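# Per-entry structural report
Chain by chain, the residues run as shown.
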Amino acid sequence: MELYEKTIHELHELIEKKEITGVELNKSVYERIAQVEEKIKAYVLTMDWEQVLQKAQAVDDMFARGGKIHPLGGIPMALKDNICTKGVRTTCSSKILENFVPPYDATVSQKLSESHTILVGKTNMDEFAMGSSTENSAFSITRNPWNLECVPGGSSGGAAASVAADEAVFALGSDTGGSIRQPAAFCGVVGLKPTYGLVSRYGLIAYASSLDQIGPITKDVTDCALVLSAIAGHDPKDSTSVNKPVPDYRNFLTGEIKGMKIGIPREYFGEGLDGGVREKVLAAIGDLEKLGAEVEEVSMPHTEYALPAYYLIASAEASSNLARYDGVRYGYRSKDASDIVTMFKKSRSEGFGSEVKRRIMLGTYALSTGYYDAYYLKALKVRTLVKGDFDRAFEKYDLLAAPTSPSVAFRTGEKRDDPLAMYMMDVCTIPINLAGIPAISLPCGFSEGLPVGLQLMGKAFGEGPLLKAAYAYEQSAGFHLAKPTLNGEV
Ligand code: GLN
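Residues numbered from 1 in each chain as written. Predicted model: local features only at pLDDT ≥ 70, side-chain atom pairs only at ≥ 80, totals over all residues. Heavy atoms only, no water.

## Quick look at the environment of S93
Here S93 lies in the loop between β2 (76–80) and α4 (107–114). For S93, a relative accessible area of 0% gives the class buried. Along the chain, S93 and F139 lie 46 residues apart, while their C-alpha atoms are 6.4 Å from each other. Filtering out sequence-adjacent residues up to four positions away, S93 remains in contact with V44, N124, M125, E127, N136, S137, A138 and F139. Polar side-chain contacts of S93 include one of 2.8 Å to the side chain of N124. (Helix = DSSP H or I, 4+ residues; strand = E, 2+ residues; numbered from the N terminus. Buried < 20%, exposed > 50% of the residue type's maximum accessible area, 1.4 Å probe, protein only. Contact = heavy atoms within 4.5 Å. Polar contact = N/O pair within 3.5 Å; in protein donor to acceptor, adjacent residues only side chain to side chain.)

Written out as structure tokens, the structure is:
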């Protein structure tokens, strides 16, 4: 097995035993990128090799001097390109931010630097995180490592593909309506959306601020626990970040889930769910039962209203958040405008892609006088009802289990011109963001040769029990060990 194929915890052990160095590991991942990136296109940019080498050498030197090495120390990782990195271009895969170099680090970037991880690149995404296939990037189309003709999911498609194709040991994505979990499911890796407020959003370029969360995309559940422990925690720079002590999430990985109560929300298995996905997810739930969990069907009656409510709330917030891109202070400015109003108009018209414009228009409409009550306010009320479904379910159950996505990865281009079909891809993930609770997607088998994701949802700040169940399942099922062949070309 090559170094680039290994998990964080395996690599950490090798580094600690002095069997490998950080330099060797980073070199291995760089060679892998050189070998496969042309096919996958996971990255918007990769870091300069000399710089990476220097950083890896510094970690090795620190360790050689007797310093203690953090569990993430020396590990090459990638960040979604909406996470600010000081001095490193951060584009949101948008023409409007093509040349934006942040003067500061996002809190998560800083925390990962303090853990001595090594940034190898910024990953491709749907522009401003709006989309479910990474086809809305202004720069390139990322391919699914399991089938290069299929999408990797989105909007953190580059992040998930980079981990699945072993171009990074782990990545961070962001999830507003499913953007960590759905691409993780499509690419056969693990993705976790934390509870709203657990991980700081400072330096995450805002899409819909009441829904956005940053989270890990990893090769297995143990790595997910390690990365979450490193990035979670209170941050005075994010007023929505919660002041609670962060446990070491590894302590929950016991493999023991006897007596755990798991609810199966009936509405997630309804019309539109692909037969192959249903079969694999139900089989996984059967495995959880064999491991000692008590499984029972539950009804969450407001589920069907979550999707329209989400698209109103997310677009409304986006229309406000994206008002700052006016060509004045930073970002793209149209060259051919003779007065200021034309400059605003042209900069925004030329700088944003069509999906982003669609959301800005939808959101502005939903917030406008006369429509506010009928759309935005109503959507907020629906959000409360959706959250109520979860509150009731969690009085009885420790966790809920469902598919992550109604289908496996679809073909590139298949849904590009059909926004409604694209929006339906989020039907299983969106309610979780509306409720603010945590959820994880992990591989549970294959359908049509493509990975299927099992989604587990937990109580607010219940990442521990969530990871516990995910780990127990993963260890018994073993699907995390499967590797894509990149269409047999590598
Ligand atoms: N696909 C959803 C959207 O387009 C979710 C995106 C996300 O989670 N960032 O809004």
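From this point, things continue past the structure.
## Topic: the site of the ligand
Taken together, the neighbourhood of the ligand is formed by 15 residues, with T176, G177, S179, Y207 and Y310 sitting nearest. Taking G131, its main chain carries an N or O atom lying 2.8 Å from an oxygen atom of the ligand. In this structure, a nitrogen atom belonging to the ligand sits 2.9 Å away from a side-chain N or O atom of D426. Protein chains shield 100% of the accessible area of the ligand, which is 300 Å² for the free molecule. When its residues are assigned to classes, the shell around the ligand shows five nonpolar, seven polar and three charged. (Near = heavy atom within 4 Å. Areas by Shrake-Rupley, 256 points an atom, 1.4 Å probe, with all protein chains shown as cover. Nonpolar A, V, L, I, M, F, W, Y, C, P; charged D, E, K, R; others polar.)

## Things to note about the sheet that holds strand β10 (residues 439–447)
Ordered in space as β1-β3-β2-β4-β6-β5-β10-β11-β9-β7-β8, the 11 strands form an open sheet in which the pairing is mixed. Pairing within the sheet leaves two strands with one partner each, and these edge strands are β1 (43–46) and β8 (294–298). Between one strand axis and the next, the sheet turns through 30° on average, direction left out of account. Pairing geometry for strand β7 (residues 261–265) and β8, over five bridges, is parallel. Following the sheet pairing, G263 is matched in β8 by E296. (Pairing = 2+ DSSP bridges. Axes fitted to C-alpha atoms, helices over the stretch in contact; angles between N-to-C directions.)

## Re helix α10 (residues 340–351)
Taking 1.5 Å per residue, 12 residues should reach 16 Å; α10 reaches 16 Å between its end C-alpha atoms and fits that length. Considered for burial, the residues of α10 that qualify are M343, S347 and G351. Buried residues in α10, looked at end-on, bunch into an arc of 35°, giving them a common side. (Expected span 1.5 Å × (residues − 1). Arc of directions from axis to C-beta.)

## Some remarks on the pattern of salt bridges
Using the criterion set out here, one finds 20 salt bridges in the structure. Close ionic contact of D81 with K122 constitutes a salt bridge, the shortest N to O distance being 3.1 Å. Here K122 lies in strand β3 (residues 118–123) and D81 lies in the loop between β2 and α4, a separation of 41 residues in the sequence. Residue D81 shares its accessibility class with K122, and that shared class is buried. The partner of D287 in a salt bridge is K290, with the nearest N and O atoms 3.5 Å apart. A residue pair is termed a helical-turn pair when its members lie 3 or 4 positions apart in one helix, as D287 and K290 do in helix α8 (residues 275–290) at three residues. (Salt bridge = Lys/Arg side-chain N within 4 Å of Asp/Glu carboxyl O.)

## Remarks on the state of the cysteines
Following the criterion strictly, the structure yields zero disulfides and no others. Counting only cysteine sulfurs, C92 is the nearest neighbor of C84, a cysteine outside any disulfide, at a range of 8.1 Å. A relative accessible area of 1% means that C84 is categorised as buried. Summary of cysteine pairing: C187 is not part of a disulfide, and the nearest cysteine sulfur, belonging to C150, is at 10 Å. (Disulfide = S-S within 2.5 Å.)

## Section: the nonpolar core
The tendency in soluble globular proteins is for nonpolar side chains to be buried as a group. Grouped together as the largest cluster of nonpolar side chains are 156 residues, with contacts concentrated most on F128, L172, F390, I440, L456 and L467. In contact with L456, other than residues within four places in its own chain, are L288, L400, A401, P438, A439, I440, L442, L466, A469 and A470. (Core = buried A, V, L, I, M, F, W, Y, C linked by side-chain atoms within 4.5 Å.)

## Points about the environment of V408
As for its placement among the helices and strands, V408 is situated in the loop between β9 (399–403) and α13 (419–424). Sequence separation between V408 and F186 is 222 residues, and the spatial gap between their C-alpha atoms is 6.0 Å. The residues touching V408, leaving out its near neighbours within four places in the chain, are F186, V277, S447, E448, L450, P451 and V452.

## A closer look at unusual backbone geometry
The peptide bond linking G154 to S155 adopts the cis configuration, its omega dihedral lying at 10°. Its identity is not glycine, yet K18 carries a phi of approximately 65°, on the positive side. Following the sequence through the fold, K18 ends up in the loop between α1 (8–16) and α2 (22–40). For K18, a relative accessible area of 59% corresponds to the exposed category. One non-glycine residue, A129, lies in the positive phi region at around 70°. Structurally, the position occupied by A129 is in the loop between β3 and α5 (157–164). For A129, a relative accessible area of 5% gives the class buried.

## Observations regarding a nonpolar patch on the surface
Together, V328, I340, V341 and F344 make up a nonpolar patch on the protein surface, roughly 330 Å² of accessible area in all. Relative to the helices and strands, V328 resides in the loop between α9 (303–321) and α10. (Patch = residues over 30% accessible without salt bridge, like charges linked within 9 Å, V, L, I, M, F, W, Y side chains within 5 Å.)

## Quick word on the packing of aromatic side chains
Applying the stated criterion across every chain, the model contains 18 aromatic pairs. Seen from their ring centres, Y325 and F352 are 6.3 Å apart, and the 90° between their planes marks the pair as edge-to-face. Of this pair, Y325 sits in the loop between α9 and α10 while F352 sits in the loop between α10 and α11 (354–367); the two residues are 27 residues apart in sequence, bridging distant segments of the chain. Per residue, the accessibility class of Y325 equals that of F352, and both read buried. Through a chain of ring-to-ring contacts, three or more aromatic side chains come together here, namely F100, F128, Y325, Y330 and F352. In this arrangement the basic side chain of K18 is found over the ring face of F63, its NZ or CZ atom lying 4.2 Å from the centre. Lying across the ring of F410, K415 places its NZ or CZ 5.1 Å from the centre. (Phe/Tyr/Trp six-rings, centres within 6.5 Å; stacked < 30°, edge-to-face > 60°. Lys NZ or Arg CZ within 6 Å of the ring centre and 35° of its normal.)

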